Amino acid sequence: MTEPTEGGPDMVSFRELARRLVADGVVKGITHQRVSTLARTDPAFPPVMQIGRTKAVDYRVAKPYFATRKSQQGRRTDLERPSE
């Protein structure tokens, strides 16, 4: 059986998406938990499909999203002085 090189979507789970993004050098590092958070909170995130209990996204659409996305560092609130 030959594998198609063109055609339909390349659906991957969030875990596989995170692994492939790092392996392809699109991002330095990302976890499937972070992918899940982005899917819930970022309106620009590619469409997500539910396949059984797994959420999946088309890798061909997700790769450019992550390649152009600007990473935003979190702010450490534990170092701030309390307001008086």
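The structure we're discussing is the one just above.
Description of the structure in this document. (Residues numbered from 1 in each chain as written. Predicted model: local features only at pLDDT ≥ 70, side-chain atom pairs only at ≥ 80, totals over all residues. Heavy atoms only, no water.)

**A word on the pattern of salt bridges**
Selection criterion: Within this document, salt bridges are pairs made up of a side-chain nitrogen of Lys or Arg and a carboxyl oxygen of Asp or Glu, the two lying within 4 Å of each other. Under the DSSP-based scheme used, a helix requires at least four consecutive residues in state H or I and a strand at least two consecutive residues in state E, with every element numbered from the N terminus. Each residue gets one of three labels from its accessible area relative to the maximum for its type: buried under 20%, exposed over 50%, partly exposed in between, using a 1.4 Å probe on protein chains only.
Applying the stated criterion across every chain, the model contains two salt bridges. Linking Arg20 and Asp10 is a salt bridge whose minimum nitrogen-to-oxygen distance equals 2.8 Å. On the criterion of sequence distance, the pair formed by Arg20 in helix 1 (residues 14–23) and Asp10 in the segment before strand 1 (11–13) is long-range, its members being 10 residues apart. As a salt-bridge pair, Glu16 and Arg19 come within 2.7 Å of each other at their nearest N and O atoms. Of this pair, Glu16 and Arg19 both sit in helix 1, three residues apart, which is roughly one turn of that helix. The exposure class of Glu16 is partly exposed, given its relative accessible area of 26%. Relative accessible area serves as the criterion here: at 49%, Arg19 is assigned to the partly exposed category.

**Quick notes on the nonpolar core**
The line we're drawing: Nonpolar core, defined: a set of buried Ala, Val, Leu, Ile, Met, Phe, Trp, Tyr and Cys residues in which side-chain atoms within 4.5 Å join the residues together. Contacts between residues were defined by any pair of non-hydrogen atoms, one from each residue, lying within 4.5 Å.
In this structure, Leu17, Leu21, Ile30, Val35, Phe45, Val57 and Phe66 are the most contacted members of the largest nonpolar core, which totals 16 residues. For this core, the elements supplying multiple residues, two or more each, are helix 1, helix 2 (32–41) and helix 3 (59–68). Contacts of Phe45, omitting those with residues within four sequence positions, involve Val35, Leu38, Ala39, Val57, Tyr65 and Phe66.

**Comments concerning the packing of helix 1 against helix 3**
Stated formally: Lines fitted to the C-alpha atoms define the axes, with helices restricted to the stretch that makes contact. Angles between their N-to-C directions range from 0 to 180 degrees. Oblique is the label for every angle not falling under 35 degrees (roughly parallel), over 145 degrees (roughly antiparallel), or within 65 to 115 degrees (roughly perpendicular). For a crossing to be left-handed, the near helix must be turned anticlockwise from the far one by less than a right angle; the clockwise case is right-handed.
The contact between helix 1 and helix 3 brings their axes to 11 Å, and the two run at 55°. In this view, helix 1 runs oblique relative to helix 3, as classed from their interaxial angle. By crossing handedness, the relation of helix 1 to helix 3 is classed as right-handed. Of helix 3, the residues touching helix 1 (which contributes Leu17, Arg20 and Leu21) are Tyr59, Ala62, Lys63 and Phe66.

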